[in-house]
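Chain residues, written in single-letter form:
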Amino acid sequence: LIVFPIVESDKILGCLSMHYCDEPYAFSDDVLELGEAVSTELSAAISRAKAAAQREAEGRVFKQTSFPALVLDNAGRVRRFNGAFQRMLSVSKKDYVNQSILDLIPDGQRVLDAVRGLSPVRQSVTLGEVLVSQSDGSASHVDVCISALAEAGAAADALLMFVPPGTKQSVNSV
């Protein structure tokens, strides 16, 4: 019996096993290389499928909401934002991509702490009264609905929706 792990980001997702049952058997180097190559390709395919599913979920939410929304990575950097967010801050698409949420809004640390607190048990949270600077120089308070986009247990990207206080909006349907 020989087992090859299927690994993604140092996490074992499964295994590929080969066995010969009739009698003790020594696998050749060619067979070992093949097993390693197949397990590596399976790992890459799983990673691509997860990334595609996440992009699809982001796109679906961005198309369906009229609220300002953005996607943060686990380090708090902006990966993407929608047109409503762009209008809220009157910025170009390039102004905030890869920028930290800490530089983006006055209450950035509170938002980042909430993103980092997402877990398989707590996959979404709403923060009330988050201070956001507007494009005209004023500031206002909004509720921020935060939901994990990646699979539970992974270093999750998070979707943030900026919602006027008192508005009922769910991001759990992602």
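Refer to the structure presented above.
What counts, and where the lines are drawn
- The residue numbering used here restarts from 1 in each chain and proceeds along that chain's sequence as written.
- Reporting in this predicted model follows two pLDDT cut-offs: at least 70 for local features of residues, and 80 or more for side-chain atom pairs to be given and counted; totals over whole chains, interfaces and linings ignore these cut-offs and use all residues.
- To get the side-chain values, take all heavy atoms of the structure and skip hydrogens and water.
- Segments assigned H or I by DSSP are reported as helices when at least four residues long, segments assigned E as strands when at least two residues long, and all are numbered from the N terminus.
- Every accessible area reported is derived by Shrake-Rupley at a probe size of 1.4 Å, with residue values counting cover from the shown protein chains alone.
- The rule for pairing is simple: two strands pair if DSSP sees at least two bridges between them.
- Axis definition: a line fit to C-alpha positions, over the contact stretch in the case of helices; interaxial angles, taken between N-to-C directions, run 0 to 180 degrees.
- Two aromatic rings, drawn from Phe, Tyr or Trp (for Trp, its six-membered ring), form a pair once their centres lie within 6.5 Å of each other, and the interplanar angle then sorts them: stacked below 30 degrees, edge-to-face above 60, tilted otherwise.
- Type-normalised accessible area, obtained with a 1.4 Å probe on protein chains alone, sets the label of each residue: buried when under 20%, exposed when over 50%, and partly exposed for intermediate values.
- For patch detection, residues must exceed 30% relative accessible area and be free of salt bridges, and they are connected within 9 Å for like charges or within 5 Å for nonpolar side chains (Val, Leu, Ile, Met, Phe, Trp, Tyr).
- We define a salt bridge as a side-chain nitrogen of Lys or Arg found within 4 Å of a carboxyl oxygen belonging to Asp or Glu.
- His is not counted, nor are the chain ends; Lys and Arg add positive charge and Asp and Glu add negative charge.
- Note on charges: their place is set at NZ of Lys, CZ of Arg, CG of Asp or CD of Glu.
- In these notes, a set of buried Ala, Val, Leu, Ile, Met, Phe, Trp, Tyr and Cys residues joined through side-chain atoms within 4.5 Å is what counts as a nonpolar core.
- Every residue pair with non-hydrogen atoms within 4.5 Å of one another is taken to be in contact.

A. Structural detail: the overall build of the chain. The helix and strand tally for the chain stands at five helices and seven strands. From first element to last, N terminus to C terminus, the chain shows the α and β order β-β-α-β-β-α-α-α-α-β-β-β. Carbon and sulfur atoms make up 51% of the accessible area of the chain, which totals about 10100 Å².

B. How the structure looks around the sheet that holds strand β4 (residues 78–81). In spatial order, the strands read β4-β3-β7-β6-β5; together these five strands make up an open sheet with antiparallel pairing. Edge positions in the sheet fall to β4 and β5 (124–133), since each has one partner strand and no second. Strand-to-strand twist across the sheet, computed as the mean angle between neighbouring axes with direction ignored, equals 30°. Two strands pair when backbone bridges link them, and strand β3 (residues 69–72) and strand β7 (residues 158–163) are joined in this way by four bridges, in the antiparallel orientation.

C. Up close: the packing of aromatic side chains. One pass over the full model with this rule turns up two aromatic pairs. An aromatic cluster of at least three residues, connected via ring pairs, comprises Phe81, Phe85 and Phe162.

D. Geometry of unusual backbone geometry. A positive phi is found at asparagine 98, a non-glycine position, where the angle reads about 75°. You can see asparagine 98 is positioned in the loop between α3 (93–96) and α4 (101–104). Even without glycine at this site, glutamate 129 takes up a positive phi of about 55°. Along the chain, the position of glutamate 129 falls in strand β5. For glutamate 129, a relative accessible area of 46% translates into the label partly exposed.

E. Main features of a nonpolar patch on the surface. On the surface, a cluster of nonpolar side chains totalling about 230 Å² of accessible area is made up of Leu34, Val38 and Leu42. By secondary structure assignment, the location of leucine 42 is in helix α1 (residues 29–64). On the accessibility criterion, leucine 42 (35% relative accessible area) is partly exposed.

F. Spatial organisation of a negative patch on the surface. Negative charge collects at one region of the surface, where Asp29, Asp30, Glu33 and Glu36 lie side by side. Secondary-structure assignment places aspartate 29 in helix α1.

G. Layout of the pattern of salt bridges. Counted by the stated rule, this structure contains four salt bridges. The residue glutamate 8 makes a salt bridge to lysine 50 at a minimum N-O spacing of 2.8 Å. With glutamate 8 in strand β1 (residues 2–8) and lysine 50 in helix α1, the pair connects residues that are 42 residues apart, well separated along the chain. Judged by relative accessible area, glutamate 8 falls into the buried class, the value being 18%. The salt bridge partner of aspartate 157 is arginine 79, with a shortest N-O separation of 2.7 Å. Taken together, the positions of aspartate 157 in the loop between β6 (139–148) and β7 and arginine 79 in strand β4 put the pair 78 residues apart, joining distant regions of the chain. Look at aspartate 157 and you get buried, because its relative accessible area is 12%. For arginine 79, a relative accessible area of 35% gives the class partly exposed.

H. Fine view of the side chain of serine 43. If you trace the backbone, serine 43 turns up in helix α1. Since its relative accessible area comes to 10%, serine 43 is described here as buried.

I. Structural view of the nonpolar core. Ranked by size, the top nonpolar core spans 26 residues in total, and within it Val111, Ile146, Leu160 and Phe162 carry the most contacts. Contacts of phenylalanine 162, omitting those with residues within four sequence positions, involve Phe67, Pro68, Leu70, Phe85, Met88, Ile105, Val132, Val142, Asp143 and Val144. The next biggest cluster of nonpolar side chains, apart from the first, holds ten residues, and it includes Val61, Ala69, Cys145 and Leu149.

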